[in-house]
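# An overview of the molecular structure
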Amino acid sequence: MDLGVQIEPQFGFSYTSIRDIARAADGAGFTRLWVSDHLFLNQGAVALDCLEAWTVLAALARDTERIRIGPMVSCQSYRSPALLAKIAAGVDHMSGGRLEFGVGAGWKSVEYKAYGYDYPEDGVRVTQLVETLEICTRLWTQERSTYHGKHYRIEDAVFAPKPMQKPLPIWIGGTKPRVMRIAAKWAHWFNMSNPGASPMDRITEMKAGIAGACKAVGRDPATLKTSLFVVAFVAPTQKEVNALISDLAARAATPRDEWLAARPGAIIGTTDEAGEKFRAIAKAGIDHANVMLPYGYELAGVKALAQVARDR
């Protein structure tokens, strides 16, 4: 199992900070730098920066050399499928073939409303995800593409350049059975979100769901790689872990015990303790963990987990 770093631009990151974390992660042995695809944190975040995901990825494509980059995951609603395919192919070329194409149905209704996007019911957005995958994969592989879906369409569309990678790795993220079935048909990777739940409980649920989804489409489950979204609070020593937790609880204006109780799915501990937990996740059959570190402590967290990342 290898490790990636998850960045949430809506927390207020500058581009320089994201770039520096990506470079540090690369040097520490992490294989991927992920960014979420959001437009703002919440309605109260009037002056809190939130860089657009694909703009960040295009910049990282030129400002990093080895680490792979991608959205975890790109919201299919925010760009037309053909435009999203075009953007992704461009970033793949700019990065020298290091893009991971993560895509999902979208969920953050407050963003949709604020920015003027329709927010249909869950089932409709998931159907739109399927049509997005249909259009993207056709454009990436066919000389001319036509597709008429219920929600999206293309007509005799030419598309160049094609992605540098053949195929471009597709990641589907989510937790629901239908999304797993979509991943079984279209994806190379499935990322299990919901980091608030126990990693082992999520792995059991994911493995069972993927097995059934792959069986339904006649696919060997071993060919669909798995990823787990993990929140981690790690430092080299217990003293530093205690200081980190105390600071984060104070930042949230929450008693320490209450803060800890609200994060049952997180990996919390020293580097050695975290290593044991990540090894257990790997032993359970997970191929990748995309790790979200506390805002403002990403560089320290990358350094603390460097040995774990290199031990894959």
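Residues numbered from 1 in each chain as written. Predicted model: local features only at pLDDT ≥ 70, side-chain atom pairs only at ≥ 80, totals over all residues. Heavy atoms only, no water.

This brings us to unusual backbone geometry. With omega at 5 degrees, the peptide bond leading from A160 into P161 counts as cis. Looking at the element boundaries, P161 is found in the loop between strand 7 (153-158) and strand 8 (170-174). The step from K166 to P167 runs through a cis peptide bond, and the omega angle for that step is 0 degrees. Inspection of the secondary structure assignment puts P167 in the loop between strand 7 and strand 8. The residue D156 is not glycine, and still its phi comes out positive at about 50 degrees. Mapped onto the elements of the fold, D156 is located in strand 7. Judged by relative accessible area, D156 falls into the partly exposed class, the value being 42%. The phi dihedral of A253 falls on the positive side, at around 55 degrees, and the residue is not glycine. Examined against the element boundaries, A253 turns out to sit in the loop between helix 8 (238-251) and helix 9 (256-261). (Helix = DSSP H or I, 4+ residues; strand = E, 2+ residues; numbered from the N terminus. Buried < 20%, exposed > 50% of the residue type's maximum accessible area, 1.4 Å probe, protein only.)

End to end, helix 10 (residues 271-283) covers 18 Å across 13 residues, agreeing with the expected 18 Å (1.5 Å per residue, within 8%). Buried residues of helix 10: T271, A274, G275, F278 and I281, and no others. Summarising the axial view, the buried residues of helix 10 lie within an arc of 120 degrees, below the 170-degree limit, and thus occupy one face. Seen from the open side of helix 10, the exposed residues pointing more than 90 degrees away from its buried face are D272, E276 and K283. (Expected span 1.5 Å × (residues − 1). Arc of directions from axis to C-beta.)

Looking now at the packing of aromatic side chains. For the structure shown, the criterion picks out 12 aromatic pairs. Ring geometry for W34 versus W171: centroids 4.7 Å apart, planes at 70 degrees, classification edge-to-face. Within this pair, whereas W34 is found in strand 2 (residues 32-35), its partner W171 is found in strand 8, the two being separated by 137 residues in sequence. Neither W34 nor W171 differs from the other in exposure class; each is buried. (Phe/Tyr/Trp six-rings, centres within 6.5 Å; stacked < 30°, edge-to-face > 60°.)

Below, the discussion takes up the environment of Q128. Mapped onto the elements of the fold, Q128 is located in helix 5 (residues 122-141). Residue Q128 is classed as buried on the basis of its relative accessible area, which comes to 11%. Each C-alpha atom, one on Q128 and one on H151, is 6.4 Å from the other, the two residues being 23 residues apart in sequence. Contact partners of Q128, with chain neighbours within four places excluded, come to Q76, S77, P120, H151 and Y152. (Contact = heavy atoms within 4.5 Å.)

A separate point is the side chain of R68. With respect to the element layout, R68 can be found in strand 3 (residues 68-71). Among the polar contacts made by the side chain of R68, one reaches the main-chain carbonyl oxygen of G97 at a distance of 3.2 Å. The residues touching R68, leaving out its near neighbours within four places in the chain, are T31, R32, L33, G97, R98, L99, E100, Q165 and P169. (Polar contact = N/O pair within 3.5 Å; in protein donor to acceptor, adjacent residues only side chain to side chain.)

Now for the layout of surface pockets. Roughly 910 Å³ of internal volume is contained in the largest pocket. For the largest pocket, the lining is made up of 38 residues, of which V73, W107, G173, G174 and S193 are closest to its centre. Among the elements of the structure, strand 4 (74-75), helix 4 (109-115), helix 5, strand 8, helix 6 (177-186) and strand 10 (225-235) are those that each provide at least two residues to the lining of the largest pocket. Per-element accounting of the lining of the largest pocket gives the leading share, 4 residues, to helix 5. When its residues are assigned to classes, the lining of the largest pocket shows 17 nonpolar, 13 polar and 8 charged. Here the second largest pocket is characterised by a volume of approximately 250 Å³. Around the second largest pocket, the lining residues are F11, V231, F233, L248, R251, A252, W259, R263, M292, L293, P294 and Y295. Elements represented by at least two residues in the lining of the second largest pocket include exactly strand 10 and helix 8. Its residues placed into classes, the lining of the second largest pocket shows 10 nonpolar, no polar and 2 charged. (1 Å grid on protein atoms, 1.4 Å probe; cavity = no way out; pocket = protein on both sides within 12 Å on 5 of 7 lines; lining within 4 Å. Points joined across faces, edges and corners; volume = space filled by probe spheres on them. Nonpolar A, V, L, I, M, F, W, Y, C, P; charged D, E, K, R; others polar.)

Formed by 77 residues in total, the largest nonpolar core has its most connected members in L33, F101, W140, F190 and F278. Among the elements that take part in this core, helix 5 stands out by supplying 7 residues, more than any other. In this view, L33 contacts V5, I7, I18, I21, A22, L60, I67, R68, I69 and G70; residues no more than four positions away in its chain are not counted. (Core = buried A, V, L, I, M, F, W, Y, C linked by side-chain atoms within 4.5 Å.)

Turning our eyes to something else, we now look at the packing of helix 3 (residues 81-94) against helix 5. Remark: helix 3 packs on helix 5, axes separated minimally by 9 Å, with the N-to-C direction vectors making an angle of 50 degrees. Regarding the angle of helix 3 to helix 5, the classification is oblique. Where helix 3 crosses over helix 5, the two elements pack in a sense that is right-handed. Of the residues in helix 5, those touching helix 3 at P81, A82, L84, A85, A88 and A89 are T132, I135, C136, L139 and W140. (Axes fitted to C-alpha atoms, helices over the stretch in contact; angles between N-to-C directions. Parallel < 35°, antiparallel > 145°, perpendicular 65-115°, else oblique. Left-handed = near helix turned anticlockwise from the far one by under 90°.)

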